[in-house]
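Here is how the chains run, residue by residue.
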Amino acid sequence: MIRATSAGKTDKVIVEFVLARQPEQRMHIAVVGSGYVGLVAGACFADLGHEVILVDNDEQKLAALKAGQVPIHENFLPELLGRHRGSRLEFSGDLQKAVRASEAIFIAVGTPPTEQGEADLSYVESVARSISGAINGYKVVIEKSTVPVYTSDWIRKIILRNAAPPDSFDVASNPEFLREGSAVTDFLYPDRIVVGADSERCASLLREIYAPLSDGSYYQRPDAIPKPDRARIPPPLIVTSAKSAELIKHASNAFLAMKISFINAVASICESVGANVQQVVQGIGSDSRIGPRFLNPGIGYGGSCFPKDLSAFRAVARECGYEFRLLDEVMRINEEQRHRFLRKVRSALWTLRGKRIGILGLAFKGGTDDIRESPAVLLAQSLLQEGCQIAAYDPAAMGRAREILNSNVDFVNSAYEAAAGADALLILTEWEEFGGLDLKRLYKELKYPIVIDGRNLYDPEIMAQRGFTYYSVGRQASAPETQNAAAATPARKLKR
Ligand SMILES: NC(=O)c1ccc[n+]([C@@H]2O[C@H](COP(=O)([O-])OP(=O)(O)OC[C@H]3O[C@@H](n4cnc5c(N)ncnc54)[C@H](O)[C@@H]3O)[C@@H](O)[C@H]2O)c1
């Protein structure tokens, strides 16, 4: 057993694999913010055996949660909420009461971008202020939201300013690395748990909370949520200073976004020279120093994290006197990727006004109903502006998309309905079901058998054999033999 003897104020990073621990200790935990992160974290903490109060100030959301509804689409979440609602998991609008009843308070509210690209920390600040008025014994206040470095210092100052005694609380950073679409399994089978704590007392409390994961006992339970492929158990728990933990989260997201933009830039070169980006990915990704994950060429990243976290990290760096221009380029390539795709659609259809386009996928990625900063939605908006008619289908995100896209979009109930009578079909989200469509049926439904795949879900050769003119990202276009010359025109020549 490797264990830390001290944490925080030193520069030491302590990696722990705790293989034995004291008998189960049940913590009282409040999670403030019941969105994608808070709701999943709360449900998972309850599954680890803790008593959890999930707090939110959105009354509608609270009412829905109390009534047994599950406001977001995530595998295993309905199951966990069902298991613990009314026993170890409670929902409340009363933040101060929840704080009084808890030893650990996780802040999981939104940190959206300001117009200048910085993180808007006003929700975090308002929660910190409320917490300060309810401190009735030692508490650990934990940042779960993604926040810039120094936020833990600010939270501490705010709580002190509101007259809480200095030794009555600690502030820690425990960044969350879950991905929407696999949030529950990511939480319970993480690659690592990062605990940024500047005192041993506070680090110990967080260790206790995560002990069922880091000592592996959770994974031995017959009712544990099943282990996904590739999970390494037990996960290491990494103890750092709070500042380092804050930076770990921003730097991780920036690095992942950089991988995506990198392969998208390589994909553009592949299109120009007639190479196949999937083969290039296989070659690059087999290098264990690089690895194949996050080398998926496509229409760029979106979602509620990467775009805002990159801007926020860029802003923090500037504030600290470092011009992190690499991040500007990552963001520029990402935006350009969408424009390139739009040019590809134009090239395939010549003119867009009045064309009927089938769209598969609106969520920013497969497995979620989240459409925040979704490249699919941004593309749909551009196509509408160009005068297209759109029939769109997404297995989970249509409710949310309806609130944003105007009434010119027909929201339909299947991929085949989206294809019906369309001049072209666009694949914009990598939902699993979109990779296994009945191609014969799709061919029959489309007015013209043109598929423009922003997620590289199909093999160009097979698509051509099945009669489609098929465009994807970083690979040559393909078409049935009779049309091959036109369809295979390199994207470079089709550029406007
Ligand atoms: N979504 C992800 O995949 C993900 C992953 C890792 C980290 N994060 C980070 O976690 C944080 C939360 O993200 P999210 O996607 O869960 O956001 P979200 O918008 O889905 O949820 C935030 C919740 O906080 C509630 N809230 C706001 N102010 C409140 C207050 N004063 N009191 C109580 N509740 C309040 C909102 O009503 C909402 O339900 C962000 O900083 C985000 O960057 C998100």
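What counts as what
Residues numbered from 1 in each chain as written. Predicted model: local features only at pLDDT ≥ 70, side-chain atom pairs only at ≥ 80, totals over all residues. Heavy atoms only, no water. Helix = DSSP H or I, 4+ residues; strand = E, 2+ residues; numbered from the N terminus. Rg over C-alpha atoms; globule rule 2.2 N^0.38 Å. Buried < 20%, exposed > 50% of the residue type's maximum accessible area, 1.4 Å probe, protein only. Near = heavy atom within 4 Å. Polar contact = N/O pair within 3.5 Å; in protein donor to acceptor, adjacent residues only side chain to side chain. Areas by Shrake-Rupley, 256 points an atom, 1.4 Å probe, with all protein chains shown as cover. Nonpolar A, V, L, I, M, F, W, Y, C, P; charged D, E, K, R; others polar. Core = buried A, V, L, I, M, F, W, Y, C linked by side-chain atoms within 4.5 Å. Contact = heavy atoms within 4.5 Å. Phe/Tyr/Trp six-rings, centres within 6.5 Å; stacked < 30°, edge-to-face > 60°.

1. Some remarks on the overall build of the protein chain
Then, number 1: What the protein chain contains, in helices and strands, is 19 helices and 15 strands.
Then, number 2: Relative to its length of 496 residues, the protein chain is compact, with a C-alpha radius of gyration of 24 Å against a globular reference of 23 Å.
Then, number 3: Referenced to the eigenvectors of the C-alpha coordinate spread, the extents of the protein chain come out at roughly 75 × 45 × 45 Å.
Then, number 4: With 496 residues in all, the protein chain has 56% of them scored as buried.

2. Section: the site of the ligand
Then, number 1: The environment of the ligand is formed by 27 residues, the closest being Asp56, Lys61, Thr111, Glu180 and Lys308.
Then, number 2: The separation between an oxygen atom of the ligand and a polar side-chain atom of aspartate 56 is 2.6 Å.
Then, number 3: Taking lysine 61, its side chain carries an N or O atom lying 2.6 Å from an oxygen atom of the ligand.
Then, number 4: In the complex, 88% of the free accessible area of the ligand, which totals 830 Å², lies under the protein chains.
Then, number 5: Elements supplying a minimum of two residues to the shell around the ligand: helix H1 (36-47) and helix H5 (122-132).
Then, number 6: A total of three residues in the shell around the ligand trace back to one element, the largest contributor, which is H5.
Then, number 7: Classifying every residue of the shell around the ligand gives nine nonpolar, ten polar and eight charged.

3. Section: the nonpolar core
Then, number 1: Ile359, Leu362, Leu383, Leu405, Leu426, Leu442 and Ile452 are the most contacted members of the largest nonpolar core, which has 56 residues in total.
Then, number 2: At six residues, the largest contribution of residues to this core is made by helix H13 (residues 375-385).
Then, number 3: Filtering out sequence-adjacent residues up to four positions away, leucine 442 remains in contact with Tyr416, Ala419, Leu425, Leu437 and Phe468.
Then, number 4: With 52 residues, the next largest nonpolar core counts Ala43, Leu89, Phe187 and Leu205 among its residues.

4. Regarding the packing of aromatic side chains
Geometrically, a pair of aromatic rings is defined through the distance of the ring centres and the angle of the planes.
Then, number 1: Scanning the model with the defined rule gives twelve aromatic pairs in all.
Then, number 2: A centroid spacing of 4.8 Å and a plane angle of 35° characterise the contact between phenylalanine 45 and phenylalanine 106, whose relative ring orientation is tilted. Here the residue phenylalanine 45 occupies a position in helix H1, and phenylalanine 106 occupies one in strand E5 (residues 104-107), the gap between them amounting to 61 residues. Each member of the pair phenylalanine 45 and phenylalanine 106 is classed as buried.
Then, number 3: Between tyrosine 189 and tyrosine 219 the ring centres are 4.8 Å apart and the planes differ by 40°, which places this aromatic pair in the tilted class.

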